[in-house]
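Notes for the structure review
These are the residues of each chain, in order.
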Amino acid sequence: MKKLFRSLVLGGALLLVPGLVPVMEAGPARAAAVTDDNLKQMLESLLREHPELVLDVLREHSEDVLDIAQAGANARRKAALEAQWRKEVKNTPQKQIALSDRPVKGRASAPVRIVAFSDFTCHYCQQATQVLDAVLKKYGRNVSLVFKHMPLDEQGPGMLAARYFVAVARQDEGKAWKFYDAMYADRDRLLLDGQKFVDEVCGKLGLDRERLKKDASSDRTARIIAQDLDDAKKLNIDGTPCFLVNGLMVRGALSEPLFSAAVDIALEAAR
């Protein structure tokens, strides 16, 4: 940016700004040199006299300006979230929530556990799965994931997929995570085809169909999902996705660098 302004001054200051006149010597006129010491003063004089130059520069470099503004906004948000999380990790006790009978992705004894409150039909939850995958890969054995259900429509395909995720986990936890991946990878099919799509995915996973159907509609499965919804209510979670990172509240589909900042703080506190 400094080079941009230096070029602007060199190109227009001597022609446009009163008082910045060439120094006459023997031979052709020679302009006073622009240095680090006088650059700011010359630039201020130039733009005060000709403010339209700012608009010209912004138009010519509009993408660069937007990138700079976005980078600044991201940096401010990251700093604010980190300050909030560092305060939480020192002063807020661990949230007590139901985690038994839930499959764990990653090492069960990992020092940092991410608990996701999510909905299989939520677009932002779908986006967040990509960030979670990147975080799990980045931190390896130091991070694990538990999925808690928060279907926004308790009669729709989100609840259907939630019930079947619990049922699949009773047969095979590894296949439950494959079911999870399939639901988010083809979210549109889940919304459009519902039971047909769920049956298709379960068929490909080689599950016991009769047992699966029975478990999906069981009181035990209903109780697990009801516990998840109750935990969300107790934590004042009113939208998805939302995450607990060792108790730190992470709301929304954050970028990987922002989510990693929460993991770093939780990991540091756990050591």
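Please refer to the structure higher up on the page.
Below: a short report on this structure. These numbers were taken from a predicted model, which means no experiment stands behind them.

So, about the overall build of the protein. Within the protein, the secondary structure is distributed over 12 helices and 5 strands. If you take every contact in the protein between residues at least 6 apart in sequence, the share linking residues at least 24 apart comes to 76%. Accessible surface, the protein: about 15,300 Å² in total, of which carbon and sulfur atoms supply 53%.

The next point concerns the environment of Val245. Mapped onto the fold, Val245 is located in strand E4 (residues 242–245). Judged by its relative accessible area of 0%, Val245 is buried. Apart from the residues within four sequence positions on either side, Val245 is in contact with Val112, Arg113, Ile114, Val250, Phe259, Ala262, Val263 and Ala266.

At a minimum axis separation of 6 Å, helix H6 (residues 157–171) and helix H7 (residues 173–185) run at an interaxial angle of 155°. Put simply, H6 runs roughly antiparallel to H7. Along its contact with H6, which presents Ala161, Tyr164, Phe165, Val168, Ala169 and Gln171, the element H7 presents Glu173, Lys175, Ala176, Trp177, Phe179, Tyr180 and Met183. Residues of the contact of H6 with H7, tallied by class, amount to 10 nonpolar, 1 polar and 2 charged.

As a further point, take the sheet that holds strand E2 (residues 112–118). In a beta sheet, neighbouring strands pair by backbone hydrogen bonds and run either parallel or antiparallel. Spatial strand order, E1-E3-E2-E4-E5: 5 strands in an open sheet with mixed pairing. Looking at which strands have only one partner, the edges of the open sheet turn out to be strand E1 (104–106) and strand E5 (248–251). Averaged over all pairs of adjacent strands, the angle between strand axes in this sheet comes to 25°, irrespective of strand direction. Where E2 and E4 come together, 4 bridges link them in antiparallel fashion. Following the sheet pairing, Phe117 is matched in E4 by Cys242. Contacts between H7 and the sheet are confined to E1, E2 and strand E3 (143–149), with E3 contributing the most and set at about 70° to the helix.

Let us look at the pairing of E5. Direction of pairing for E4 relative to E5: antiparallel, over a ladder of 4 bridges. Residue pairing across strands places Phe243 opposite Val250, the latter belonging to E5.

With that settled, consider helix H9 (residues 195–204). Looking only at H9, the buried set comprises Phe197, Val198, Val201 and Cys202. When H9 is viewed along its axis, its buried side chains cluster within an angular range of 130° and face the same direction. In H9, the exposed residues that point more than 90 degrees away from the buried face are Lys196 and Lys204. Looking at the packing, one finds that the buried side of H9 touches H6, H7, helix H8 (187–193) and helix H10 (209–216). Where H9 terminates, the next one or two residues include Gly206, which has phi positive at roughly 70°.

The next thing to look at is the packing of aromatic side chains. Applying the stated rule across the entire model yields 12 aromatic pairs. With a centroid separation of 6.1 Å and an interplanar angle of 50°, the aromatic rings of Phe120 and Phe165 are classed as tilted. One end of the pair, Phe120, is in the loop between E2 and helix H5 (123–139); the other, Phe165, is in helix H6, and 45 residues separate them in sequence. Judged by its relative accessible area of 1%, Phe165 falls in the buried class. Chaining the aromatic ring pairs together yields one cluster made of Phe120, Phe147, Phe165, Trp177, Phe179, Tyr180 and Tyr184.

The next point concerns the nonpolar core. Across soluble globular proteins, nonpolar side chains show a tendency to be buried alongside one another. Of all hydrophobic cores here, the largest spans 52 residues; its most connected members are Ile114, Phe179, Val245 and Phe259. The biggest single contributor to this core is helix H12 (residues 256–270), with 8 residues. Contact partners of Phe179, with chain neighbours within four places excluded, come to Ala161, Tyr164, Phe165, Val168, Val198, Val201, Cys202 and Leu205.

The rules behind the values
Residues numbered from 1 in each chain as written. Predicted model: local features only at pLDDT ≥ 70, side-chain atom pairs only at ≥ 80, totals over all residues. Heavy atoms only, no water. Helix = DSSP H or I, 4+ residues; strand = E, 2+ residues; numbered from the N terminus. Contact = heavy atoms within 4.5 Å. Areas by Shrake-Rupley, 256 points an atom, 1.4 Å probe, with all protein chains shown as cover. Buried < 20%, exposed > 50% of the residue type's maximum accessible area, 1.4 Å probe, protein only. Axes fitted to C-alpha atoms, helices over the stretch in contact; angles between N-to-C directions. Parallel < 35°, antiparallel > 145°, perpendicular 65-115°, else oblique. Nonpolar A, V, L, I, M, F, W, Y, C, P; charged D, E, K, R; others polar. Pairing = 2+ DSSP bridges. Arc of directions from axis to C-beta. Phe/Tyr/Trp six-rings, centres within 6.5 Å; stacked < 30°, edge-to-face > 60°. Core = buried A, V, L, I, M, F, W, Y, C linked by side-chain atoms within 4.5 Å.

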